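# Structural characterization, general
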Amino acid sequence: MPRLSPLLALSCLGTLGVLIAGRALLERLQPLNPDLSSASLERTRRWSPDAWRRREASLLLHARSHDTSERSRLLRGQGWGSDPLAAVALKQAALAAESRGLDADARGLWQQLWRRFPTAPASADALYSLGRQQPGLRRELRRRFPAHPAALAAALEAGPDRRERLEGSLHLARWGPRWPGAAQRLAEDCRQGGPGLTPAERLQLAGGLARVAAGSAALDCLGGGGASLPAQLARLQPRDQLALGKALLQGETAQRPLATAALLQLARRQPAAPEAEEAVRLLADQSDPAVAAELRRLPAPWGDSAPVAAQALRPAAGAEAAASLSPGQRREALALLRRWPADPASWDLQWELARFDLLAGRWVEAEELLQALPPTRLPPLLAARQRFWLGYAQERLGRSAAARQTWQELLRHHPGGYYGWRAAKRLGIEDLQLKGPATVPADGAGSGWQPLASGDAELDRLWRLDQRSEAWETWRHRRGQRPPQRSEELLVEGLLRQGVGDDWLGLAQLDQAGLRLPADRCDLSAALEQAQHPRRFLPIFEQHSREQGVPLPLLLGLAKQESRFTPGVSSGVGAVGLMQLMPDTAAELAGTRLSSASLQDPARNVALGSRYLRGVLEQWRGDPFAAVASYNAGPGAVAGWVSPRLQREPELWVEAIPYPETRLYVKKVLGNAWSYQQPRRPGC
């Protein structure tokens, strides 16, 4: 027997070596992701020697199954080990048991999850569920996972005890005022609390209302505190004071002096706060001379800053295309651009002044302004605009070769969007398809899985395994109160929101990401361009594109701009659904009055919207500029704008549209259509 010991040891070592080598080989296999077929995933789940890989396959299959029994079967026994995926498997198994009415099984799984993984975001759902019978666990949930959706849902349900309800409202005000139903709850508690609310509680409720742009409700809440309103404003947190000022600027005209006072107070008292910068920028956008004088008296660094200096020059441009800067003002403007080339106020001023020069045909002056900022200092979207108009001015000055080179450079860096289309058209490469239904390439967002690339390995793995809700909840939990600011953060949050079906806010955040994208982050441009143009409800759009003979890219581009593909959204003026149809217009198109619920039906809404689009295209003989402008402002308004310039200089015709909203709308919709039509992505 002693002779066998060395052989046994060698055998064990050899087996261990094989296992280690096998594990290393498996790790080099392609990671599982949602693009794999169900058959491939099922083979992996059954036969892979790697238990971790089998669990990943089970989670992917679970995510695409709609049968609760099947979902339970797939996750049976997958809660082993200490890996965070075990917590996710236990949570999903508990939810599946609950949906089947197996309350005892679900309770056992929730208890196991909470006991084994007390810090995992998935345990927030365990506390929420177990808290139905043990209210103390709901308080523990709010304490441990304050920003998690489960904690926000629990806060909204807090009560009926008055103090417990108020604690829930205060939690919502701090961590989730945008949670569905939260704003109404905050306003009610502020009204009903009366003198029983402490000053600090009143400020917290008002701050939450301010952050959801409920400016009037926030003022009412503050006004019930007994102290003077200016004193109350000064006690708000900087982020809440900024939010209130922003909300009041967008509200009634009578509230604007109070908004100005709140923002000036913030800039004076806390000039080093990050919110002070945005307050100054908001004030600098106002045309009131009294506000301009107050801005110049602000303490450093804001009294002498790009936003304040730009505001002093902006009125000189006037409201007419013929307005011109004096030689001294032009030198001052160029000096400002060169002093602050990376400041958004410089970017805005450059375009505003250049636009007036272009409309007036001052090509030399426009070229000088457009060359004052290097495109490498601008976000890609603004660099595309600058390059297009620089090429336009060069062509008008007789330098066609330089113009072509400028437009080719634009297409290399930013082939999508409105300016990519116009550059391609000017170069004679390609044009927007407006004859027949047309098609869209199949490589856009929504046609295949794309990595999240957040830089957080756990978050990226949840996304890769199609655990989108879990990824979103993990992100919310980890970020707490910090809203995304940098373009990378906005891109990740926008993708996560899209992943859980929130295109309304998700696409808005992706648009912000594009405007904030640093010039040196070209690597993000392609992912951003793709995410900004999803193909939602594609079979419906394809059907009505064919039936009405309208271009599919244009139909998608309209829906994206109108509703961000959100069927239930309604505008402030009453427009409803994917194509944002006014009820009277919809009734005329349908031949009968339709309910709001009927207009929210994607198929009905797109059918009527595509019919209306066909009508305006026919009215303007296929001209996309006039047709899209009519969709926004109405054919009657557009009839008053039509001139020979529309055919001769369509880009300048757009810039001369007197409604700023329609001017931007036309460029957005046609840029969307172009991006949907062609598959090229930005290049570095």
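None of these values were measured; they are calculated from a predicted model. (Residues numbered from 1 in each chain as written. Predicted model: local features only at pLDDT ≥ 70, side-chain atom pairs only at ≥ 80, totals over all residues. Heavy atoms only, no water.)

## What about the overall build of the protein?
- In terms of regular secondary structure, the protein is built from 40 helices and 0 strands.
- For 684 residues, the compact-globule estimate of 2.2 N^0.38 gives 26 Å, and the C-alpha radius of gyration of the protein, at 29 Å, lies within 12% of that figure.
- Per-residue burial over the protein gives 51% buried out of 684 residues.
- In the protein, of all internal contacts separated by at least 6 residues, the share reaching a separation of at least 24 is 58%.
- For the protein, the exposed area adds up to about 30,700 Å²; of that, 54% sits on carbon and sulfur atoms. (Helix = DSSP H or I, 4+ residues; strand = E, 2+ residues; numbered from the N terminus. Rg over C-alpha atoms; globule rule 2.2 N^0.38 Å. Buried < 20%, exposed > 50% of the residue type's maximum accessible area, 1.4 Å probe, protein only. Contact = heavy atoms within 4.5 Å. Areas by Shrake-Rupley, 256 points an atom, 1.4 Å probe, with all protein chains shown as cover.)

## Focus: the side chain of Arg-479
- Inspection of the secondary structure puts Arg-479 in helix α27 (residues 468-479).
- A relative accessible area of 10% means that Arg-479 is categorised as buried.
- Ignoring sequence-local partners within four residues, the contact set of Arg-479 consists of Pro-484, Glu-489 and Glu-493.

## Brief notes about unusual backbone geometry
- Along the chain, Gly-159 connects to Pro-160 via a cis peptide bond; the corresponding omega equals 5°.
- Here Ala-300 and Pro-301 are connected by a cis peptide whose omega angle stands at 5°.
- Tracing the backbone through its elements, the reader meets Pro-301 in the loop between α18 (289-296) and α19 (306-317).
- Unlike most non-glycine residues, Arg-564 shows phi in positive territory, near 50°.
- In this fold, Arg-564 is placed in the loop between α32 (552-563) and α33 (583-590).

## Some details on empty space enclosed by the protein
- Here the structure, examined in full by the defined rule, presents 4 cavities of 30 Å³ or more.
- Taken as a whole, the largest cavity encloses approximately 70 Å³ of empty space.
- Along its surface, the largest cavity is lined by 10 residues, and His-414, Ser-525, Leu-528, Glu-529 and Gln-532 are the ones closest to its centre.
- Mapped onto the lining of the largest cavity, the elements with two or more residues apiece are α23 (380-396) and α30 (522-531).
- By residue class, the composition of the lining of the largest cavity is 5 nonpolar, 4 polar and 1 charged. (1 Å grid on protein atoms, 1.4 Å probe; cavity = no way out; pocket = protein on both sides within 12 Å on 5 of 7 lines; lining within 4 Å. Points joined across faces, edges and corners; volume = space filled by probe spheres on them. Nonpolar A, V, L, I, M, F, W, Y, C, P; charged D, E, K, R; others polar.)

## Observations regarding the state of the cysteines
- If you walk through the whole model with that rule in mind, you get 1 disulfide.
- Note that Cys-190 is cross-linked by a disulfide to Cys-221, the S-S spacing being 1.6 Å. Every disulfide takes its handedness from the sign of the S-S torsion; for Cys-190 and Cys-221 that torsion is 65°, giving right-handed. With a gap of 31 residues between them, Cys-190 in helix α11 (residues 182-193) and Cys-221 in helix α13 (residues 215-223) connect regions that are remote in the sequence.
- You can call Cys-190 buried: its relative accessible area is 6%.
- Cys-221 gets classed as buried once you look at its relative accessible area, which sits at 1%. (Disulfide = S-S within 2.5 Å.)

## Here's the deal with the packing of aromatic side chains
- Under the counting rule described, the total for this entry stands at 14 aromatic pairs.
- Plain terms: the ring middles of Phe-388 and Trp-407 are 5.9 Å apart, the flat faces sit at 25° to each other, and that makes the pair stacked. Residue Phe-388 is found in helix α23, and its partner Trp-407 is found in helix α24 (residues 400-413); the two are separated by 19 residues along the sequence. Both residues of the pair, Phe-388 and Trp-407, count as buried.
- A centroid spacing of 5.4 Å and a plane angle of 20° characterise the contact between Trp-421 and Phe-625, whose relative ring orientation is stacked. Residue Trp-421 is located in helix α25 (residues 417-427), and its partner Phe-625 is located in helix α36 (residues 624-633); the two are separated by 204 residues in the primary sequence.
- Residue class for Phe-625 comes out buried when judged on its relative accessible area of 4%.
- Ring-pair connections join several aromatic residues into one group, and the members of that group are Trp-351, Trp-363, Phe-388, Trp-389, Tyr-392, Trp-407, Tyr-418, Tyr-419, Trp-421 and Phe-625. (Phe/Tyr/Trp six-rings, centres within 6.5 Å; stacked < 30°, edge-to-face > 60°.)

## Details of the confidence of the model for the protein
- For the protein, per-residue confidence averages 90 on the pLDDT scale, and residues scoring 70 or more make up 92% of the total.
- The least confident element of the protein, judged by mean pLDDT, is helix α1 (residues 4-27) at 50; the most confident is helix α39 (residues 650-655) at 98.
- Across residues 23-28, where pLDDT falls below 50, the model places 5 contacts with residues more than four positions away in sequence or in other chains.
- A low-confidence stretch, residues 443-447 stays under pLDDT 50, and its non-local contacts, those more than four residues away or across chains, total 12 contacts. (pLDDT = per-residue confidence, 0-100.)

## As for the environment of Leu-581
- Structurally, Leu-581 can be placed in the loop between α32 and α33.
- For the pair Leu-581 and Ser-571, spaced 10 residues apart in the sequence, the C-alpha separation amounts to 9.6 Å.

## Examining the nonpolar core
- One finds Trp-389, Leu-496, Phe-541, Met-579, Phe-625, Trp-653 and Leu-670 to be the most contacted residues of the largest nonpolar core, which totals 119 residues.
- Per-element tally for this core: the top contributor is helix α21 (residues 344-359), with 8 residues.
- Contact partners of Trp-653, with chain neighbours within four places excluded, come to Phe-625, Ala-626, Ala-629, Val-638, Trp-641, Val-642, Ser-643, Arg-645 and Leu-646.
- Counting 46 residues, the second-largest nonpolar core is a separate cluster that includes Leu-152, Leu-219, Ala-276 and Trp-302. (Core = buried A, V, L, I, M, F, W, Y, C linked by side-chain atoms within 4.5 Å.)

## Thoughts on the side chain of Gln-580
- Note on placement: Gln-580 falls in the loop between α32 and α33.
- In terms of polar contacts, Gln-580 uses its side chain to reach the backbone carbonyl oxygen of Val-569, at 3.2 Å.
- Polar side-chain contacts of Gln-580 include one of 2.9 Å to the backbone oxygen of Gly-577.
- In this structure Gln-580 touches Glu-562, Ser-563, Val-569, Ser-570, Ser-571, Ala-575 and Asn-605, once residues within four positions along its chain are discounted. (Polar contact = N/O pair within 3.5 Å; in protein donor to acceptor, adjacent residues only side chain to side chain.)

## Description of α33
- Three or more residues of α33 are buried, namely Ala-586, Ala-587 and Leu-589. Along the axis of α33, the buried positions cluster into a sector of 165°, meaning they face one direction only. For α33, exposure combined with an orientation more than 90 degrees from the buried face picks out Asp-584 and Glu-588.
- One or two residues past the end of α33 sits Gly-591, with phi positive at roughly 80°. (Arc of directions from axis to C-beta.)

## Some thoughts on the packing of α23 against α24
- Axis separation between α23 and α24 bottoms out at 7 Å; the angle between their running directions is 165°. Here α23 is positioned roughly antiparallel relative to α24, judged by the angle of their axes. Of the two possible hands of crossing, α23 and α24 adopt the one that is left-handed. Listed contacts from α24 to Ala-384, Arg-387, Phe-388, Leu-390, Gly-391, Tyr-392, Gln-394 and Glu-395 of α23 are Ser-400, Ala-402, Ala-403, Thr-406, Trp-407, Glu-409, Leu-410 and His-413.
- Residue classes in the contact of α23 with α24 are distributed as 8 nonpolar, 5 polar and 3 charged. (Axes fitted to C-alpha atoms, helices over the stretch in contact; angles between N-to-C directions. Parallel < 35°, antiparallel > 145°, perpendicular 65-115°, else oblique. Left-handed = near helix turned anticlockwise from the far one by under 90°.)

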